[in-house]
Amino acid sequence: MTYVVTDNCIKCKYMDCIEVCPVDCFYEGENMLVIHPDECIDCGVCEPECPADAIKPDTEPGLDKWLQINTEYADKWPNITAKKEPPADAKSFDGEAGKFEKYFSHEPGEGD
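Residues numbered from 1 in each chain as written. Predicted model: local features only at pLDDT ≥ 70, side-chain atom pairs only at ≥ 80, totals over all residues. Heavy atoms only, no water.

Where an unreviewed UniProt entry is consulted, the protein chain appears under the name Ferredoxin, with the organism given as Mesorhizobium onobrychidis. UniProt, in its Function (unreviewed entry) section for the protein chain, records the words "Ferredoxins are iron-sulfur proteins that transfer electrons in a wide variety of metabolic reactions." (UniProt positions renumbered as here; feature names shortened; annotations may be inferred.)

Colleague: Where do I start with helix α2 (residues 64-74) in this structure?
Modeller: Because the α-helix completes a turn every 3.6 residues, residues three or four places apart line up on one side. Of all the positions in α2, only Trp66, Ile69, Asn70, Tyr73 and Ala74 are classed as buried. All buried residues of α2 fall inside an arc of 115 degrees around its axis, so they share one side. More than 90 degrees from the buried face of α2, the exposed residues found are Asp64 and Gln68. (Buried < 20%, exposed > 50% of the residue type's maximum accessible area, 1.4 Å probe, protein only. Helix = DSSP H or I, 4+ residues; strand = E, 2+ residues; numbered from the N terminus. Arc of directions from axis to C-beta.)

Colleague: What is the right way to look at the pattern of salt bridges in this model?
Modeller: For side chains of opposite charge, pairing can occur when their charged atoms come near one another. Applying the stated criterion across every chain, the model contains eight salt bridges. Between Lys56 and Asp53 there is a salt bridge whose closest N-O contact spans 3.0 Å. Its relative accessible area of 45% is what places Asp53 among the partly exposed residues. We note a salt bridge from Lys102 to Glu96, for which the minimum N-O separation is 2.8 Å. Residue class for Lys102 comes out exposed when judged on its relative accessible area of 51%. Of the residues examined, Glu96 reaches a relative accessible area of 22% and is grouped as partly exposed. Within the structure, one salt-bridge network assembled from shared partners comprises Lys13, Glu28, Lys84 and Glu110. (Salt bridge = Lys/Arg side-chain N within 4 Å of Asp/Glu carboxyl O.)

Shown next, in the form of structure tokens:
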């Protein structure tokens, strides 16, 4: 098992999860984070820290797509180990449906 970041992180990009991760397995895209599944130790401390409820265990049904996205982009995006401020309009996107299709960016973030 591993944890994955799902679509509700898109355009919210809260980073509370980064501060509690003991193995620094988060990677930063332009408008979301992903978890590297080979680095995640399945401790679960990140899941309750996410204000957008965007982190889920990959054992939940229907998360195969998100496991693939996290795996692919963790290899392309820079590692991030320190919390930054979320986007100013993050709350307005929290819970919006269809965020992947509307807003997902393949571009990397800044990382550390």
